[in-house]
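Listed below are the residues making up each chain.
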Amino acid sequence: LDTAMKEWDHYQELWKTQNGLDAPYQKYPYTREMIEEYFQEYSRNVAGWEVRADGKMDHWPEIGGQANKAFGSVPQWAKDDNAFAEAQKAMESDHIKWWGDHLVKGALGSGP
């Protein structure tokens, strides 16, 4: 929270000095209590277990027989050549269809 508040103030100062922003100072809009409440709501409605604002994971439940795996570790499916190939195939093809369906005609070239 301290870092976010310092960056908030830093960018307000930059906008004022470099971009000529003429607006009154705005206090950082989030409190520790608000952030804790957001994490509690996320825990209840999305995660299914407690996710803490402090980042601690020592209380997380065991998932798939692998308790408390370090964030960023390689998931089991990525070690399976067939599963990895299918994930890669989906990744390489699904986005092409999405862009084809959503590209506005004339924007960034041609579309549907």
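Below is a summary of the structure that appears in this document. Just so you know, these numbers come straight off a predicted model, no measurement behind them. (Residues numbered from 1 in each chain as written. Predicted model: local features only at pLDDT ≥ 70, side-chain atom pairs only at ≥ 80, totals over all residues. Heavy atoms only, no water.)

Further remarks concern the overall build of the protein. The number of helices and strands found in the protein is three helices and zero strands. The N-to-C order of helical and strand elements in the protein reads α-α-α. Counting all 112 residues of the protein, 6% fall into the buried class. Taking as baseline every contact in the protein between residues at least 6 positions apart, the subset at least 24 positions apart corresponds to 11%. Of the roughly 9,600 Å² of accessible surface on the protein, 56% is carried by carbon and sulfur atoms. (Helix = DSSP H or I, 4+ residues; strand = E, 2+ residues; numbered from the N terminus. Buried < 20%, exposed > 50% of the residue type's maximum accessible area, 1.4 Å probe, protein only. Contact = heavy atoms within 4.5 Å. Areas by Shrake-Rupley, 256 points an atom, 1.4 Å probe, with all protein chains shown as cover.)

Below, the discussion takes up helix α1 (residues 2-19). Think of an α-helix as turning once every 3.6 residues; residues three or four places apart then point the same way. Here α1 is 18 residues long and its end C-alpha atoms lie 25 Å apart, about the 26 Å a rise of 1.5 Å per residue gives. Of the residues one or two after α1, Gly20 is the one with positive phi, at around 70°. (Expected span 1.5 Å × (residues − 1).)

Next up on the list: a nonpolar patch on the surface. The grouping of Tyr11, Trp15 and Leu21 at the surface amounts to a nonpolar patch, some 310 Å² of accessible area in total. Counting through the fold element by element, Trp15 comes out in helix α1. Owing to a relative accessible area of 42%, Trp15 belongs among the partly exposed residues under this scheme. (Patch = residues over 30% accessible without salt bridge, like charges linked within 9 Å, V, L, I, M, F, W, Y side chains within 5 Å. Salt bridge = Lys/Arg side-chain N within 4 Å of Asp/Glu carboxyl O.)

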